[in-house]
Amino acid sequence: MGTDLAARLGGGVVIPAHPLALDAGGGIDLPAQRALSRYYLDAGAHGLAVAVHTTQFELHNDRAMLTDVWRLAAEVAQDHTSEPILVAGLTGDAPAAVAEAQIAKDLGYHAALISPWGMSDTSESALLARAGAVGEVLPVLGFYLQESVGGAALSRNFWHSLFDLEAVVGVKAAPFDRYRTNDVAQVLLEHDRWDQITLLTGNDDAIIHDLLTPYRRTVAGKERQVRASGGLLGQWAVGTRAAVDQLQRINTAVNAGAAPMDLLSEATAMVDINHAVFDVDHNFAGCVPGVNEVLRQQGLVPTANTLGTDTLSAGQSDLIAQVRARYPNLLDEEFIATNREDWLA
């Protein structure tokens, strides 16, 4: 997409982190996997992020399965009129990440989200070198991943050096930490490329707050402003249509210069949903199967199974059923019930 990619990201995007639909035997359930992509795009999502944390990092241990999953999403996207942005999640050291980037590019993906999972050296210098190497193949989205699922604290110098890379078109801030999110925003504000790199929220516990909040700084006598114009989120793998509506209302509020109380109230409801889905009570142990469980209860996928050892925590399925009953509009209950059979066909 070239410059169009940067413009589309900056214009505001809802990009769900695509789950992996597994059958009882641990294989990909092809109709369900396609149905998820169809759901997201029919819900109005601006793109799909595939082979990211919500898709399960263990997928990268099987290159053939990884390629199949990327291809399935790309095929659905190619048939959709919205021309969605396709983001490929990459893992591993530079050689593996570059090899994955080439596969994704050949399948029609537009950008790479780079995760530290599977790296033998996660030093800041290694992360930067890998980002540079991947950037020779695909535009890059930086990623601040929360520590509880494999991330690490990163310095402001790291973010400044990452933003120096011309291939970097955006950054997903997902540390689940206000201080670290502020680090990313403040460095971007003072960087020469501040208006070329899109800030995306990945903080599933603060989605609406992030999308409403401007960061401002006077640099060389001129005021600059940075705001998360969209997000790439595991939480948006459920309730996607509601998320698209939220982003539209948030942008309207930002343009008007005031945040309506109903949006702030909705922000607390989203935290309540995320608490159940991401298994906050057990330090996020069940966050990936939690997303799958919502979709299983809604009839879109056959199981909440994962490739690794992650399972639902005790009582998590009941908590998910409770928030589904409490917030049906925020979880697209009617929309899914109406269209589910068509998506699965």
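Here the structure is shown first, and the text comes after it.
What you see is a predicted model; the values in this text were computed from it and never measured.

Q: Report on the packing of aromatic side chains, specifying residues and quantitative values.
A: Each aromatic ring pair is characterised by the separation of its centres together with the angle its planes make. Counted under the stated rule, the structure contains ten aromatic pairs. Measuring from ring centre to ring centre gives 6.3 Å for Tyr39 and Phe335, while their planes differ by 45 degrees; the resulting arrangement is tilted. In this pair, Tyr39 is assigned in helix H2 (residues 30-42) and Phe335 in helix H13 (residues 333-344), connecting sequence segments 296 residues apart. For the pair Tyr39 and Phe335, a shared accessibility class is recorded, and that class is buried. Ring centres 5.5 Å apart and planes at 90 degrees place the aromatic pair Phe176 and Phe284 in the edge-to-face group. Note that Phe176 is positioned in the loop between strand S6 (168-174) and helix H7 (178-190) and Phe284 in the loop between helix H10 (261-277) and helix H11 (287-297), a separation of 108 residues in sequence. A relative accessible area of 15% places Phe284 in the buried class.

Q: Kindly report on unusual backbone geometry, identifying the contributing residues and their values.
A: Backbone geometry at Phe176 places phi at a positive 55 degrees, although glycine is not the residue there. Notably, Asp332 is not glycine yet its phi reads approximately 60 degrees, a positive angle. Inspection of the secondary structure puts Asp332 in the loop between helix H12 (316-326) and H13. A relative accessible area of 4% places Asp332 in the buried class.

Q: Outline the packing of H11 against H12, listing residues and values.
A: H12 packs onto H11 with a crossing angle of 55 degrees between their chain directions and a minimal axis gap of 10 Å. The angle between H11 and H12 places the two elements in the oblique class. Along this stretch, H11 crosses H12, giving a crossing that reads as right-handed. Only Gln316, Ser317, Ile320, Ala321 and Arg324 of H12 make contact with H11, whose side of the interface consists of Gly290, Glu293, Val294 and Gln297. Residues belonging to the contact of H11 with H12 are distributed by class as follows: three nonpolar, four polar and two charged.

Q: Tell me about H7, residues and numbers included.
A: Between its first and last C-alpha, H7 extends 18 Å over 13 residues, near the 18 Å set by a 1.5 Å rise per residue. Of the positions making up H7, those classed as buried are Thr181, Asp183, Val184, Ala185, Gln186, Val187, Leu188 and Leu189. Turning to H7, the residues buried within the fold contact strand S5 (140-145), helix H6 (156-164), S6, strand S7 (198-201), strand S8 (214-219) and strand S9 (222-227). The distance from a side-chain oxygen at the start of H7 to the backbone nitrogen of Tyr179 is 2.9 Å, and the residue carrying that oxygen is Asp177.

Q: Residues and numbers for the pattern of salt bridges, please.
A: According to the stated counting rule, one finds 13 salt bridges in the structure shown. With a shortest N-O distance of 2.6 Å, Arg180 and Glu147 are connected by a salt bridge. With a gap of 33 residues between them, Arg180 in helix H7 and Glu147 in the loop between S5 and H6 connect regions that are remote in the sequence. Given a relative accessible area of 46%, Glu147 falls into the partly exposed group. A salt bridge links Arg193 to Glu166; the nearest nitrogen and oxygen atoms lie 3.9 Å apart.

Rules used in this analysis
Residues numbered from 1 in each chain as written. Predicted model: local features only at pLDDT ≥ 70, side-chain atom pairs only at ≥ 80, totals over all residues. Heavy atoms only, no water. Phe/Tyr/Trp six-rings, centres within 6.5 Å; stacked < 30°, edge-to-face > 60°. Helix = DSSP H or I, 4+ residues; strand = E, 2+ residues; numbered from the N terminus. Buried < 20%, exposed > 50% of the residue type's maximum accessible area, 1.4 Å probe, protein only. Axes fitted to C-alpha atoms, helices over the stretch in contact; angles between N-to-C directions. Parallel < 35°, antiparallel > 145°, perpendicular 65-115°, else oblique. Left-handed = near helix turned anticlockwise from the far one by under 90°. Contact = heavy atoms within 4.5 Å. Nonpolar A, V, L, I, M, F, W, Y, C, P; charged D, E, K, R; others polar. Expected span 1.5 Å × (residues − 1). Polar contact = N/O pair within 3.5 Å; in protein donor to acceptor, adjacent residues only side chain to side chain. Salt bridge = Lys/Arg side-chain N within 4 Å of Asp/Glu carboxyl O.

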